[in-house]
Amino acid sequence: MTSPPTPSIEPLRHALPADTERGPHHYAIDGAEPVAGFAPNDRAEVALLLRTATALGLAVAPQAGRTALRAGRPLEAYHVALDLRGLHRIVEYVPDDLTVTVEAGMSLRALQDELAEHGQYLPVDPAPDDHVTVGGLLATARSGAWRGHLPGARDLVLGIEAVLPSGDRIKSGGRVVKNVTGYDLHRMHTGALGAFGVIVEASFKVAPRPAATATLAASEGHLDAACALARRAWDAALPVRAITVLTSETARRLDVSSAPTVIVELAGSRAAVERSTADLAAIGPFTDASPAAWPHLRRLQGDPHATVLRAGVPPSALTAMLDATRGLDVLAWANVASGAVVMHGRDLDAAAVRGLRAAAEARGGFLQVEGAPAALRREVDPGGPGDLALVTALRDRFDPTRTLNRGRWGAGL
Amino acid sequence: MTTTSGAARPARGPERRPPYEALARDLRAALGEAHVLDAPEDLVGFEYDATIERARPDVVVFPRTTAEVAAAVRIANQHEVPIVPRGSGTGLSGGAVPVRGGMLVVLTRMNSIVEVSPDDRVAVVQPGVINLHLQEALAPHGLTYAPDPSSQRVCTIGGNVANNSGGPHTLAHGSTVNHVLALEVVLPDGRVARFGSRVPDALGIDLRGLLVGSEGTLGIVTEATLRLVRMPPAVRTLLAIFESVEAASHAVSDVIRRGIIPVAMEMLDREIIRIVEPRIHAGYPLDAGAVLLIEVEGVPEGVALDAQIVEDACRHAGAREVRSASEAAERERLWEGRKAAIGAIGGAAPAFYLLDGVVPRTRLPEVMARVMALSAEHGFRCANVFHAGDGNLHPNIMFDPAEEHATDRVLALGEAIMRVCVEAGGSITGEHGVGLEKRSYMDWVFTPADLAAMHVVRDAFGGRERFNPCKVLPGGHGCASGHAAEVVRHLAGGVYV
């Protein structure tokens, strides 16, 4: 591949404090190192970096936890790594309001620790684990087994501050739990992989930690039966936080069973969990299981060495989508309420991905490549931007020089 | 918003321009004779929504299909006239008022429930479906669509999407945006586009989440795919009676502090209780300072426990009595007073101005005290019925428009109350929208850079000048400067409220 000559980053070095520069070897993406890395100490420095980089025509890739850099198309150019881990402070936390405002480079783990002191949490379970940063959580909008039972990051975000490629700092939303003032730009930024700006602060609605949780599992002879059982569990309207169907291969990997298995996580008051445990036992052969299955699934979904696909299909099509993985060397599981079928494989080729995508689309769904080697993401569309005309129009206005994540959403985008 | 019970007054609006006749002719050719109105006597009913603002459209169209909406938009573009979408006209911020005339697109004929899928827990509806009609269609399946604005008997799903509407049950279930999975939209250039999917977290950039709540300025919703939830096995409604709003406000925070998020926590203050109770007989004590309606749901054992915790918190905060109902009829009766409250004010005062502001829940005691003090200072009675759990205030300022300068004084008080909300860390609207009414307050909460970014979005969608002009964002070609100035101008014409 030939690239245009790299513009000089010297003016950037002059603009930013010397202590913010980091060695480029820390920041390789898809095997390519940038010319330089910078880790600003605050959002004013982020703004300075972006303003300068845009003026110079540099391509910048924002990052922090580095857990989702194998998503989207491989970058078309990569001159500067913008490391946001220096922005890791809690700005405001009012436990009685169930709201928290934090800087985007803070890890979910640090945030959860803080919230736990007041018996609260941000109810999200993104892959691979709580090393995901708040900014990464929003930029990717990734969700896990809780999605559908609990709101996703895009529902919990109350407002953000973002730095635009121009260096302008903008806010949308606010810190209150109910607010319809102005356009919800924070929702547009959520899941946009940094297409319109770099999120530097976010406010969230948080939730009380459930007093009790319990994980139960039930195995069935066939995948069909497991899916039907999962469906009955969902229809029982119990206080569940997750209902996931594991193929027999996945159940074996998790050391849960060697047959297709439904795992359920109950969460609520002790009384509600006890009652629901009994209700589940009446629905199917549910018995207590290890909660370790959940973090294991998260790690698999965020496996940096595998190809991970997520199909979104209507809940009625989950069995068919899981069936479509037969014959492929993949671990697959389905989160019933969100219609997500996650597939984890080592050696999936483009033809296999296209076949799975066709299976999802035939059922009114879609397929996204959540993580894969660059070669595969060049060969198959990892998942387009949506309405190309509108996204291009927005990108042309917010980032005309394509400073941020150049090419992530497609050629020239 | 202001509720009107007075006589009609002449609407403002641009002088009719000659091309409007050609516009009407082209629209008739596309939509049929019966579905295009342009006679002045037919246009009068479409001058207003539920606010004080009035303006007459040049032409009103009633499309039945997405293709007809798209055709009408393209025709209006050829004639270079403004385009304004409208549902039932229950909006509370002037969003459907055609301030610069042009074509009003009334979506009430697009009222089909296209699909209810219990298997996928989704409903697909046209924008003119009435919120309550959808609920009625879902009930036999044991399903419900969570957003329940108080106007649900008349408001449309399209209007709910445009305004990101809330309701009492927003506290646990979230606003409309959390329940919209996908949208079909006619964009300002007439192109039909789809956003989102039948399941959450669709591929690509989330323009669905941006479109919800954009108040008809970025496109016209022609179909919505909605997420449904199972009806809970058990529900319990509690009515807690307090000596003061302050004590009730403390109870709200105390419930949350104990780790319970009820599905609803609604407050009525003394003023509203005295208006509602004699008319509705919901059983609210006339000497109470405030009542809280609290609802919890789930499996029976969990509900019983949660209800006990709620009751303890209320008593701890000074509730003198806590009543509880789990049977549907009893619960309905407790809710009756809340649901009828706004209507009852209409019978108790010649006019009232309903405000919508939002503050952090913990600031409620001081903010409510400030609201009452300001009302007294300005010489008005103020009745409060609101979503306390969300910190979403709805002060109703009662007044007599016949009194001199009444409306100016009411608006001044409304503005002062909005200031209090913003200064407490809140915002200028929790669920009614910015529309026309609050455009001039936008710079209280947003910087010029924030607003510029919103203008950029509007520009990218292509509707800046003619698609629901003069709404949400300040400025705009041919738009008046803002709420107060606009309203004062209309007062000269007459009447209201």
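Residues numbered from 1 in each chain as written. Chains lettered and ligands numbered in written order. Predicted model: local features only at pLDDT ≥ 70, side-chain atom pairs only at ≥ 80, totals over all residues. Heavy atoms only, no water.

### Description of the overall build of chain B
Right, on to step 1. Counting secondary structure elements, chain B contains 16 helices and 21 strands.
Right, on to step 2. Here the C-alpha atoms of chain B give a radius of gyration of 23 Å, agreeing with the 23 Å that 2.2 N^0.38 yields for 497 residues.
Right, on to step 3. Principal-axis analysis of the C-alpha atoms places the extent of chain B at approximately 70 × 60 × 45 Å.
Right, on to step 4. Per-residue burial over chain B gives 63% buried out of 497 residues.
Right, on to step 5. Considering only contacts in chain B between residues 6 or more positions apart, those separated by 24 or more positions represent 72%.
Right, on to step 6. In the structure as shown, chain B presents an accessible area of about 16400 Å², 52% of it carried by carbon and sulfur atoms. (Helix = DSSP H or I, 4+ residues; strand = E, 2+ residues; numbered from the N terminus. Rg over C-alpha atoms; globule rule 2.2 N^0.38 Å. Buried < 20%, exposed > 50% of the residue type's maximum accessible area, 1.4 Å probe, protein only. Contact = heavy atoms within 4.5 Å. Areas by Shrake-Rupley, 256 points an atom, 1.4 Å probe, with all protein chains shown as cover.)

### Describing the state of the cysteines
Residues and elements named next belong to chain B.
Right, on to step 1. Counting across every chain of the model gives one disulfide over all chains.
Right, on to step 2. The thiol of Cys382 is not disulfide-bonded; the next cysteine sulfur, from Cys421, is found 11 Å away.
Right, on to step 3. Relative accessible area serves as the criterion here: at 2%, Cys382 is assigned to the buried category. (Disulfide = S-S within 2.5 Å.)

### Structural notes on the pattern of salt bridges
Charged atoms that come close allow side chains of opposite charge to pair.
Right, on to step 1. Here the structure, examined in full by the defined rule, presents 56 salt bridges over all chains.
Right, on to step 2. The salt bridge partner of Arg13(A) is Glu21(A), with a shortest N-O separation of 2.9 Å.
Right, on to step 3. Judged by its relative accessible area of 31%, Arg13(A) falls in the partly exposed class.
Right, on to step 4. Asp120(B) is the partner of Arg198(B) in a salt bridge, and the nearest nitrogen-oxygen pair spans 3.1 Å. Separated by 78 residues along the polypeptide, Arg198(B) in the loop between β10 (192-196) and α7 (207-211) and Asp120(B) in the loop between β6 (113-117) and β7 (122-125) bring together distant segments of the chain. (Salt bridge = Lys/Arg side-chain N within 4 Å of Asp/Glu carboxyl O.)

### Observations concerning empty space enclosed by the protein
Residue and element names in this part refer to chain A.
Right, on to step 1. The final tally for this structure, using the stated rule, is eight cavities of 30 Å³ or more.
Right, on to step 2. Of the volumes computed, that of the largest cavity is approximately 450 Å³.
Right, on to step 3. Lining the largest cavity are 30 residues, with Pro62, Gln63, Gly135, Gly136 and Ala139 sitting closest to its centre.
Right, on to step 4. Taken together, the elements giving at least two residues each to the lining of the largest cavity come down to β3 (60-63), α4 (134-140) and β10 (198-205).
Right, on to step 5. When residues in the lining of the largest cavity are grouped by element, the largest group, five residues, is from α4.
Right, on to step 6. Every residue lining the second largest cavity is counted, 15 residues in all, and those nearest its centre are Thr140, Ala141, Arg142, Arg310 and Gln368. (1 Å grid on protein atoms, 1.4 Å probe; cavity = no way out; pocket = protein on both sides within 12 Å on 5 of 7 lines; lining within 4 Å. Points joined across faces, edges and corners; volume = space filled by probe spheres on them.)

### Notes on the side chain of Asn335(A)
All names here are of chain A.
Right, on to step 1. The topology assignment puts Asn335 in strand β17 (residues 330-335).
Right, on to step 2. Among the residues examined, Asn335 registers a relative accessible area of 3% and is labelled buried.
Right, on to step 3. Among the polar contacts made by the side chain of Asn335, one reaches the side chain of Thr244 at a distance of 2.9 Å.
Right, on to step 4. Among all residues touching Asn335, those that are not within four sequence positions of it are Gly144, Ala145, Ile243, Thr244, Leu318, Ala340 and Val342. (Polar contact = N/O pair within 3.5 Å; in protein donor to acceptor, adjacent residues only side chain to side chain.)

### Overview of the packing of helix α9 (residues 270-280) of chain B against helix α11 (residues 328-348) of chain B
All names here are of chain B.
Right, on to step 1. Orientation of α9 relative to α11, taken along the N-to-C sense of each, is 100°, at an axis distance of 8 Å. Judged on the interaxial angle alone, α11 and α9 are roughly perpendicular. Taken together, the residues of α11 that come into contact with α9 (itself represented by Ile272, Ile275, Val276, Arg279 and Ile280) are Glu336, Gly337, Ala340, Ala341, Ala344, Ile345, Gly347 and Ala348. (Axes fitted to C-alpha atoms, helices over the stretch in contact; angles between N-to-C directions. Parallel < 35°, antiparallel > 145°, perpendicular 65-115°, else oblique.)

### Thoughts on the sheet that holds strand β19 (residues 366-371) of chain A
Residues and elements named next belong to chain A.
Right, on to step 1. Read across the open sheet, the eight strands follow the order β15-β12-β14-β13-β17-β18-β16-β19; overall the sheet is antiparallel. Edge positions in the sheet fall to β15 (287-288) and β19, since each of these pairs with one other strand and no more.
Right, on to step 2. The pairing of strand β12 (residues 212-219) with strand β14 (residues 261-268) spans eight bridges and is antiparallel. The partner of Thr215 across the bridge, within β14, is Glu265.
Right, on to step 3. Contacting β12, β13 (240-246) and β14, helix α7 (residues 223-235) crosses the sheet at an angle of about 170° to β13. (Pairing = 2+ DSSP bridges.)

### Points about the packing of aromatic side chains
Right, on to step 1. Scanning all chains against the criterion turns up five aromatic pairs over all chains.
Right, on to step 2. Ring centres of Phe380(B) and Phe399(B) lie 6.5 Å apart, and the angle between their planes is 85°; this geometry places the pair in the edge-to-face category. With a gap of 19 residues between them, Phe380(B) in the loop between α12 (364-378) and β19 (381-386) and Phe399(B) in strand β21 (residues 395-399) connect regions that are remote in the sequence.
Right, on to step 3. According to the relative accessible area criterion, Phe380(B) is buried, its value standing at 10%.
Right, on to step 4. Note on Phe399(B): relative accessible area 5%, which makes it buried.
Right, on to step 5. Here the guanidinium or amino end of Arg86(B) rests over the ring plane of Tyr48(B), the centre of that ring lying 5.9 Å away.
Right, on to step 6. Here the basic side chain of Arg121(B) rests over the ring of Trp234(A), its NZ or CZ set 3.6 Å away from the ring centre. (Phe/Tyr/Trp six-rings, centres within 6.5 Å; stacked < 30°, edge-to-face > 60°. Lys NZ or Arg CZ within 6 Å of the ring centre and 35° of its normal.)

### Things to note about the sheet that holds strand β8 (residues 157-163) of chain A
Residues and elements named next belong to chain A.
Right, on to step 1. Pairing in this open sheet of five strands is antiparallel, and the strands run β5-β6-β10-β8-β9 from one edge to the other. Only two strands of the sheet have a single neighbouring strand rather than two, namely β5 (90-94) and β9 (169-173). Averaged over all pairs of adjacent strands, the angle between their axes in this sheet comes to 10°, without regard to strand direction.
Right, on to step 2. When β5 meets strand β6 (residues 99-103), the two strands line up antiparallel, connected through four bridges. Counted as the bridge partner of Ile90 is Val102 from β6.

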